[in-house]
Amino acid sequence: MRQFLLACICLLAATVVKAQGLSYYLPADVRYNPAIPEPASVIRHEVGEWHITHDRLVSYMTTLAAAAPGRIKMEKMGYTYESRPQVLLIITSPSNHQRLESIRQQHLLLGDPGRSSGLTTGAMPVVVYIGHSIHGNESSGANAALLSAYYLAAAEGPGIDSLLNNVVILFDPSFNPDGLQRFSTWANQHKSKNLVTDPNSREFNEVWPGGRFNHYWFDLNRDWLPAVHIESQNRLQWFHAWKPNILTDHHEMGSNATFFFQPGVSSRVNPLTPAKNQALTEKIGRFHAKYLDRIGSLYYSKENYDDFYYGKGSTYPDVNGGIGILFEQASSRGHAQETVNGILRFPATIKNQFTTTLSTLEAAQSMRKELLDYQRDFYQQTDPTLASRGYVFGDPQDPAKTFHFIEMLQRHQIVVNELADGYTDGGFKKGSAYAVSLNQPQQLLIRTIFEKQLQFKDSLFYDITSWTMPLAFGLSCAEVTAANVYGKKLDPVRFPAGSVAGGVAAYAYLLPWSDFYTPRALYALQSAGVLVKVATRPFTITIGDGSSRRFDYGTLMVPVSLQGMRPDSLYSLMSRLAVKNGLTICAAGSGDAASGSDLGSTQFAGLAQPSIALLVGQGVNATDAGEIWHLLDQRMDIPSSHLEVAVFNRVELTRYNTIIMAGGSYTELNKDKLRAWVQAGGNLILIEEAVTWASQNGLGTVNLKRAKPAVDSTMRLTYTDREQVEGAQQMNGAIFGAEADLTHPLAYGYHQPMVSFFKANKVFMEKSRNPFATPFYYGNAPLQSGWVSRQNGEAVKNSAAVVVNTLGNGRIINIADNPVFRAFWLGSSKLLLNAIFFGKVIDAASGRGE
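Given the structure is predicted, the values throughout are model-derived calculations rather than measurements.

A. Looking closely at the nonpolar core. Of all hydrophobic cores here, the largest spans 237 residues; its most connected members are Tyr509, Met661 and Phe776. Excluding anything up to four places from it in sequence, Phe776 contacts Ala738, Glu739, Ala740, Leu746, Ala747, Tyr750, Val755, Phe757, Ala800, Ala801, Val802 and Leu831.

What follows is the structure in structure tokens.
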């Protein structure tokens, strides 16, 4: 009985709701200015009592900036998709604030090797960027921001004065405002007065898609390099305005873990990262260990996590002369949760994050000159043997795609040049191709964007193994050494000018499908009630300006006489769409083709406007679905209905002519209902694991193959070998080139026979026995860049990238790999748009039978 009562008392102590005051978190040997508001006076609860919502977080930061103007200046970086403000606090001493712009300009000179040699770093402040909770449901970081900001505003004494005199702090309380708001709402609405610690409880199990992601269900911690999203773009402007010496990235991990800080696994550091970077990271790590020892927190380092992909917050600084620091705190996910280490309370997770902010700042102050000198040396020690090298790139048939590539480069402070007059090597020409020299400060960043990676020290990776950007964007690219390549500096890049060549059309308007934004124009035309046809054969015709032009497969044709609007109104619409989408639309005065089909031929197929349902919800990969949503909504202005599987199972499907299933599991989906919809004429697009699901459930006739096992019973292996052997067989992500049948509707708009796909799965499709049903396939040596095991590499060889099946009156388009990976894989995104618009153009016989 006594033991039972003791257990009850312990349980009660574990679950009672007890708010922690500031004394639980803050150093006890520091005085605090009573004129500075404590967090609870603004947010209306103690730190850690509830999960902070983004609006209250910003409210407190605004209050602090007003209360401590000598130390804090608040900047608004921009707004998220959901119109939440991204704020940045610049925190330093009053004397530094008085000359802040001078400090910033001097600091930027460290990144200019031509001017940095004469700089004296002895008196320069070091710059530290403190960033929190880029994954919205890893919220201990953003909640710790309340404490860190209060401490930096209110602490008094020689210690804080010295810190602020020597450090300029860029303080970002929430990397992901939309995700933080979503998760805080979830965690708070499920909190009980008597805390429930059962991990099975609803509080700890968010509904799909969860708070990790931004509005479009993207992982923003993979977007530092592609910079697709507005949150990343806003942040990068401030990053490069200051070039911080240290950037901290506060995360959470599994609840049964402890606390991790970098360095990570040494064999998985990107080979372009200087060795001194890792030495400094390890030296900073000793400060974290000292501070965590003081409060008795368990921690570890040099395991699990790596510094390979430069698109993460903790690695992007490494290729910009700084030190990126990843913190991973075991997550309570709610307010208190049972773990193997006992009950993990939310305040304890916040305390660790706050503590390592203090340790980072002490390290920065103590290592100030060493960090500043390292940044100067980083930019001065570029490889002189590469100074004469560079890259030429472009796509003469898709200027908008080239524009977005240059836009990405310029966001990273990379200088892009026009081609020199008269340069035509490799078919590259001024006006449609551009050049980037390696003889500039961002040499290492340029290399990681352009180079292919085929050599590795390790076979285990935390994230992707390759991201060669010209392949991702589908651009022709060549390395060059000639000095006569570079014309004038391109600044800034401008969106392609659109126009209607030939003026008002007497007969038809022609839109080449090769342009990136032609699908956006097509949907707009269909929404305006314009009848549009697509050319299934190439043709040559004279346009309104008197020139003869060849038009390729997939050219859109808008016949003037068949429209329900006046010719001048149609011309006005065409002109607006040409400008908005950067298109050269051609006016034809006659349907008489000089070669190929005349414009009235049945080789021009009518196009129905797509009505799209994207399946979402439990089991579906949220990022995969989000990438499709983003492409359609943000880039193409095409609406799509998002159907949960349970909703799909009960609603009438006749309003949809296209259904897209992204990667994931669909165990509860009514397969018979889906089959009947396809048979009635539906266009079903299956991507990644959805292909596997359909094959296993009798939809279509795709045959799958498996990679051979990496081990067998004849091999002698130790117990500890298992992690390495099994990890090496994971498909973390590599780039493979697929050969394309450029005459197939799914390949319309492509003009190169090789299309690069990003593969991060084990979906290996056999080629169809129908020779017309495999429009994209991998050859005998498909790997272009990245790590793949021998077994998986063999499985990819000679497999199908895309297989088309006919089922009744409908089509099933099976795509083995994600064509819109992380929203920057523009080169293969055309495949998805082709599947949406041209799926029913595919001849039924080409997809029948095996």
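The structure having been displayed, the exposition proceeds.
B. Representation of the sheet that holds strand E6 (residues 167-172). In spatial order, the strands read E2-E3-E6-E4-E7-E9-E8; together these seven strands make up an open sheet with mixed pairing. Of all strands in the sheet, those with a lone pairing partner are strand E2 (72-79) and strand E8 (259-261), marking the two edges. Each strand axis lies, on average, 20° off the axis of its neighbour in the sheet, ignoring direction. Judged from the five bridges that link them, strand E4 (residues 126-132) and strand E7 (residues 246-253) form a sheet pairing that is parallel. Each residue of the ladder has a partner; that of Ile130, found in E7, is Thr248. Each of E2, strand E3 (85-91), E4, E6 and E7 is contacted by helix H9 (residues 230-242), which is oriented at about 140° to E2, the strand it contacts most. Against the sheet, helix H12 (residues 368-380) makes contact with E4, E7 and strand E9 (323-330), and its axis sits at roughly 90° relative to E4, the strand it touches most.

C. Examining the packing of aromatic side chains more closely. On inspection of all chains with the given rule, the structure shows 51 aromatic pairs. Taking the centre distance of 6.5 Å and the plane angle of 85° together, the rings of Phe757 and Tyr778 count as edge-to-face. Of this pair, Phe757 sits in strand E32 (residues 754-759) while Tyr778 sits in strand E34 (residues 776-785), and the two are 21 residues apart along the sequence. Here Phe757 and Tyr778 have matching classes, each one buried. Feature note: the residues Phe308, Tyr309, Tyr310, Phe456, Phe461, Trp467 and Trp787 constitute an aromatic cluster, connected by ring pairs. The ring of Trp224 carries the charged tip of Arg235 above its face, separated from the ring centre by 4.5 Å. Geometry around Tyr517 places Arg520 over its ring, the cationic atom sitting 4.0 Å from the centre.

Thresholds applied
- Residues numbered from 1 in each chain as written.
- Predicted model: local features only at pLDDT ≥ 70, side-chain atom pairs only at ≥ 80, totals over all residues.
- Heavy atoms only, no water.
- Core = buried A, V, L, I, M, F, W, Y, C linked by side-chain atoms within 4.5 Å.
- Buried < 20%, exposed > 50% of the residue type's maximum accessible area, 1.4 Å probe, protein only.
- Contact = heavy atoms within 4.5 Å.
- Pairing = 2+ DSSP bridges.
- Helix = DSSP H or I, 4+ residues; strand = E, 2+ residues; numbered from the N terminus.
- Axes fitted to C-alpha atoms, helices over the stretch in contact; angles between N-to-C directions.
- Phe/Tyr/Trp six-rings, centres within 6.5 Å; stacked < 30°, edge-to-face > 60°.
- Lys NZ or Arg CZ within 6 Å of the ring centre and 35° of its normal.

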